[in-house]
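Chain residues, written in single-letter form:
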Amino acid sequence: MTRRDPSSHAAAGITIAAIADAALAIIRADGVDGLTMRAVAERLDVRAPSLYHHVHNKSELLDLVARNAFDQFTADKTAYEELTTVDEWIELTRSGSLELRAFYADHPGLAGLMQSKATPDRDQGAGSRAELIRAQIEALVRIGVPEPDARHLFEVTARWSLAAVVAEQPEDLFADGLNLFLYGVRARLLS
């Protein structure tokens with residue numbers, strides 16, 4: 001029987017979740033520019049080649065981060081699954097956007113990365129990001145918004161929030177802009 005090198009991916013027990021968590025920790029400390037395969041390997045206490053079993057290059061690593069960056073927002077996903085009114089959607093979107101802004105502020109460069117990966121079909125894949133997006137769109141459909149309009153409304157809301165975060169608006173300016181934006185959304189939904 002051949003013994004595996006203890007730094008191999010199987011022996012080290014590396015998982016996609018562990019890689020994503022390590023990558024987010026690096027982004028929090030050093031920004032997106034500080035994220036490298038070597039830095040993730042060091043954080044996981046393995047050799048860099050061990051990571052290549054799961055992610056082949058930095059581009060795939062960034063895709064992994066984009067798919068799994070929202071694991072901590074499972075409560076929001078559950079709340080979207082339970083809401084039944086426009087006002088509940090507005091309030092949950094407001095609180096979630098403020099929480100998301102704080103998350104992005106703690107992870108320099110991540111909002112720009114997420115904006116660069118914003119595609120109309122991003123709810124179709126796997127990962128916490130797609131699950132949260134699906135829950136938001138399904139909530140809008142449940143409160144009476146036709147699916148194409150729900151997708152459009154989600155895109156407009158998400159892109160406004162991301163653009164405001166990328167612009168590094170102060171928290172009070174972001175909150176005021178968000179309130180004005182959501183006031184307009186509410187008026188449109190109730191008209």
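Here is what the cut-offs are and how they apply
Residues numbered from 1 in each chain as written. Predicted model: local features only at pLDDT ≥ 70, side-chain atom pairs only at ≥ 80, totals over all residues. Heavy atoms only, no water. Axes fitted to C-alpha atoms, helices over the stretch in contact; angles between N-to-C directions. Helix = DSSP H or I, 4+ residues; strand = E, 2+ residues; numbered from the N terminus. Left-handed = near helix turned anticlockwise from the far one by under 90°. Contact = heavy atoms within 4.5 Å. Nonpolar A, V, L, I, M, F, W, Y, C, P; charged D, E, K, R; others polar. Buried < 20%, exposed > 50% of the residue type's maximum accessible area, 1.4 Å probe, protein only. Core = buried A, V, L, I, M, F, W, Y, C linked by side-chain atoms within 4.5 Å. Domains from an automatic or database assignment.

Novice: Explain the packing of helix H7 (residues 86–106) against helix H10 (residues 147–166) residue by residue, including any values.
Specialist: At their nearest, the axes of H7 and H10 sit 10 Å apart, and the two run at 35° to each other. Here the hand of the crossing between H7 and H10 comes out right-handed. Residue-level inspection shows Trp89, Thr93, Ser97, Arg101 and Tyr104 of H7 in contact with H10, the latter providing Leu153, Thr157, Ser161, Leu162 and Val165. Of the residues contributing to the contact of H7 with H10, the split by class is five nonpolar, four polar and one charged.

Novice: How would you summarise the environment of isoleucine 137 if you had to cite specific residues and measurements?
Specialist: Structurally, isoleucine 137 can be placed in helix H9 (residues 128–142). Judged by relative accessible area, which is 5%, isoleucine 137 ranks as buried. Considering only alpha carbons, one finds isoleucine 137 and glutamate 147, ten residues apart in sequence, at a separation of 7.5 Å.

Novice: Quick rundown of the nonpolar core? Include the residues and the values.
Specialist: Ranked by internal contacts, the top residues of the largest apolar core, which has 58 residues, are Leu35, Val40, Leu61, Trp89, Tyr104 and Leu110. Split by domain, the residues of this core number at least three in each of domain 1 (16–69) and domain 2 (73–190). Here leucine 61 is in contact with Ile19, Ala23, Leu35, Thr36, Met37, Val40 and Val55, once residues within four sequence places are set aside.

Novice: Give a detailed account of unusual backbone geometry, specifying residues and quantitative values.
Specialist: With phi around 60°, aspartate 45 is a residue other than glycine that occupies positive phi space. Summarising the element assignment, aspartate 45 is placed in the loop between helix H3 (37–44) and helix H4 (48–51). Taking the relative accessible area as the measure of exposure, aspartate 45 reaches 72% and is therefore exposed.

Novice: Account for the side chain of serine 97, naming residues and giving values.
Specialist: Note on placement: serine 97 falls in helix H7. Here serine 97 falls in the buried class, since its relative accessible area comes to 9%. Those residues in contact with serine 97, other than ones at most four positions away along the chain, are Ser161, Phe174 and Leu178.

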